[in-house]
Amino acid sequence: MARKHRDAPPEVNAGSMADIAFLLLIFFLVTTTIQTDQGINRKLPPIQPDQIDPPPVKEKNIFTVLVNKNDQLLVEDKLMDLKDLRQAAIDFLDNGGDGSCAYCKGERNPASSDNPDKAIISLQNDSETSYKAYISVQNELVAAYYFLRDRECQARYGKSFRDLEAMFEDPKTKEAQRNKIEPFIKEIQTLFPQKLSEAEPKRN
Amino acid sequence: MSKFKKKKGGDVPAISTASLPDIVFMLLFFFMVATVLKDNDLLIQNSLPKADQVTKLEKKDRVMFIFAGKPHEKYRKKYGEGAKIQLNDRLSEVSDIKTFILAERASRNPELEKVLTTSLKVDKEVKMGLVGEIKQELRKMDALKINYTTTKGSVVD
């Protein structure tokens, strides 16, 4: 009895614990791929049951963007670099040619769009266009809309549209606040509606 | 012989490494929690294009994925050189999208059906002809919410 008391059970050596943990750590480090789940959200147009004639739209209210099979841009019948597209789209949307748009800061050129509500961007691509070029163009056009919405939102509510949207989407935002934000977002969206029409790719 | 023996030399005591495992375990747990194990094996090349006007994708239970791209080199013999689409873990034809969407819808919560988003993970080399066909199929199935999944970066480079 006395003897047993004297030798305490030998301590387990924990020196190799770090090695084991390192091994596991390295395994997870190697296998981890941080997910890249972000992108450009779009809504496809529903299929029309039968051919309905589209409402007449004045030529000057359409901003045509053509992407050919060599990924070159033809904007309003002129060749353009991708880096100039954003500014061109902003100028077109913000033009306010008929003077009914008080918040537009464009040139009010009568030959360009009447007001942001009527302005339509038409994007057409070839079936040989690369997806990369298509996404770049989409990105620039979405950026143009965001730029204008941000500007207007900043002027009215002192916050960028993106921030408001993020706050609205955030599940942590309280219901009361969300209800408060919602009309703001709706209003900005009606001021600069995203009218981006896509033709089906040309076959040739 | 004095009771207060001078310490020999100025030996610095060894740093205890007893807390090292704790630190490593902490890192380990972080990576274990942050890891998302890939649930589908890609048979195709899939390098996504870059964009900077991106929004985060919603929760995973509201998203279905459609991949597209050229088959990996080891599958080229079997499937050819042309761009293909991948649904779940097989290469498929555009016409299979219909059944895929029906199956996806059936496997989700019914109330999520309206908010289901289709994430298009398309390789940047793919031609728009294929993407257009995919979009047309989705329109036919009334799956109108889509997300062009991209990596973050500037488009002008």
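The rules behind these values
Residues numbered from 1 in each chain as written. Chains lettered and ligands numbered in written order. Predicted model: local features only at pLDDT ≥ 70, side-chain atom pairs only at ≥ 80, totals over all residues. Helix = DSSP H or I, 4+ residues; strand = E, 2+ residues; numbered from the N terminus. Rg over C-alpha atoms; globule rule 2.2 N^0.38 Å. Buried ≥ 20, exposed ≤ 12 C-beta atoms within 10 Å, placed from the backbone. Contact = placed C-beta atoms within 7 Å. pLDDT = per-residue confidence, 0-100. Nonpolar A, V, L, I, M, F, W, Y, C, P; charged D, E, K, R; others polar. Pairing = 2+ DSSP bridges. Axes fitted to C-alpha atoms, helices over the stretch in contact; angles between N-to-C directions. Parallel < 35°, antiparallel > 145°, perpendicular 65-115°, else oblique. Left-handed = near helix turned anticlockwise from the far one by under 90°.

### Describing the overall build of chain B
Item 1. Looking only at helices and strands, chain B features four helices and seven strands.
Item 2. When the elements of chain B are put in sequence order from the N terminus, they spell out α-β-β-β-α-β-β-α-β-α-β.
Item 3. The C-alpha radius of gyration computed for chain B amounts to 26 Å, which surpasses the reference 15 Å derived for 157 residues by more than 25%, pointing to a less compact arrangement than a globule.
Item 4. A principal-axis box enclosing the C-alpha atoms of chain B has dimensions of 100 × 40 × 35 Å.
Item 5. Classification of the 157 residues of chain B by burial places 28% in the buried group.
Item 6. Here the analysis covers contacts within chain B between residues at least 6 apart in sequence; of these, 78% occur between residues at least 24 apart.

### Some words on the overall build of chain A
Item 1. For chain A, the count of helices and strands is six helices and six strands.
Item 2. Beginning at the N terminus, the succession of helices and strands in chain A can be written as α-α-β-β-β-β-α-β-α-α-α-β.
Item 3. A principal-axis box enclosing the C-alpha atoms of chain A has dimensions of 105 × 50 × 40 Å.
Item 4. For chain A, with 204 residues in total, the buried portion stands at 25%.
Item 5. Within chain A, contacts between residues at least 6 apart in sequence are counted, and of these 56% link residues at least 24 apart.

### Section: the confidence of the model for chain A
It should be kept in mind that the predicted coordinates are not to be read in detail where pLDDT is low.
Item 1. On average, residues of chain A score 82 in pLDDT, and 91% of them reach the 70 mark or higher.
Item 2. When mean pLDDT is compared element by element in chain A, helix 4 (residues 131-157) of chain A scores highest at 89, while helix 1 (residues 2-6) of chain A scores lowest at 54.

### Some remarks on the environment of B:Asp142
Item 1. With respect to the helices and strands, the residue B:Asp142 is situated in the loop between helix 4 (128-140) and strand 7 (145-152).
Item 2. Taking C-alpha positions, B:Asp142 is 23 Å from B:Lys56, a pair spaced 86 residues apart along the chain.

### Details of the interface of chain A and chain B
Item 1. Between chain A and chain B, the residue contacts involve 45 residues of the former and 48 residues of the latter.
Item 2. Among the elements that make up the side of chain A that touches chain B, the one with the highest residue count is helix 4 of chain A (11 residues).
Item 3. Residue composition of the side of chain A that touches chain B, by class: 21 nonpolar, 15 polar and nine charged.
Item 4. Taken together, the six bridges between strand 1 (residues 38-43) of chain A and strand 7 of chain B define a ladder with antiparallel strand orientation. Looking across to strand 7 of chain B, one finds that A:Asn41 is bridged to B:Asn147.

### A short note on unusual backbone geometry
Item 1. At A:Asp77, a residue that is not glycine, the phi angle is positive and equals roughly 65 degrees.
Item 2. Position of A:Asp77 among the secondary structure elements: in the loop between strand 3 (73-75) and strand 4 (78-80).
Item 3. Despite not being glycine, B:Asp142 shows a phi value in the positive range, around 65 degrees.
Item 4. Given 10 C-beta atoms within 10 Å, B:Asp142 falls into the exposed group.

### Re the packing of helix 2 (residues 17-31) of chain A against helix 1 (residues 20-34) of chain B
Item 1. Closest axis-to-axis distance for the helix 2 of chain A/helix 1 of chain B pair is 9 Å, and the angle between their directions is 20 degrees. Of the possible angle classes, the one that applies to helix 2 of chain A and helix 1 of chain B is roughly parallel. Two packed elements cross with a definite hand, and for helix 2 of chain A against helix 1 of chain B that hand is left-handed. Taken together, the residues of helix 1 of chain B that come into contact with helix 2 of chain A (itself represented by A:Met17, A:Ala18, A:Ala21, A:Phe22, A:Leu24, A:Leu25, A:Phe28 and A:Leu29) are B:Leu20, B:Pro21, B:Val24, B:Phe25, B:Leu27, B:Leu28, B:Phe31 and B:Met32.
Item 2. Partitioning the contact of helix 2 of chain A with helix 1 of chain B into residue classes produces 16 nonpolar, no polar and no charged.

### Some details on the packing of helix 4 of chain A against helix 6 (residues 175-191) of chain A
Residues and elements named next belong to chain A.
Item 1. Running from N to C, helix 4 and helix 6 cross one another at 130 degrees; their axes reach a closest spacing of 10 Å. One element, helix 4, and the other, helix 6, form an angle in the oblique class. As for how helix 4 packs across helix 6, the hand of that crossing is right-handed. Where helix 4 approaches helix 6, its residues Arg149, Glu152, Cys153 and Tyr157 are matched on the opposing element by Phe184, Ile188 and Leu191.
Item 2. Partitioning the contact of helix 4 with helix 6 into residue classes produces five nonpolar, no polar and two charged.

### Description of the sheet that holds strand 5 (residues 120-125) of chain A
Residues and elements named next belong to chain A.
Item 1. Reading across from one edge, 4-3-2-5-6 is the order of the five strands in this open sheet, with mixed pairing throughout. Looking at strand neighbours, the two that pair on one side only are strand 4 and strand 6 (196-198), the edges of this open sheet. Going from strand to strand, the sheet's axes swing by 25 degrees on average, the running direction of each strand aside.
Item 2. In this structure, strand 3 lies alongside strand 4, joined through three bridges in antiparallel fashion. The residue bridging Val75 from the neighbouring strand is Lys78, located in strand 4.
Item 3. The strands touched by helix 3 (residues 82-93) are strand 2 (62-67), strand 3, strand 4 and strand 5; relative to strand 3, the strand with the most contacts, the crossing angle is about 20 degrees.

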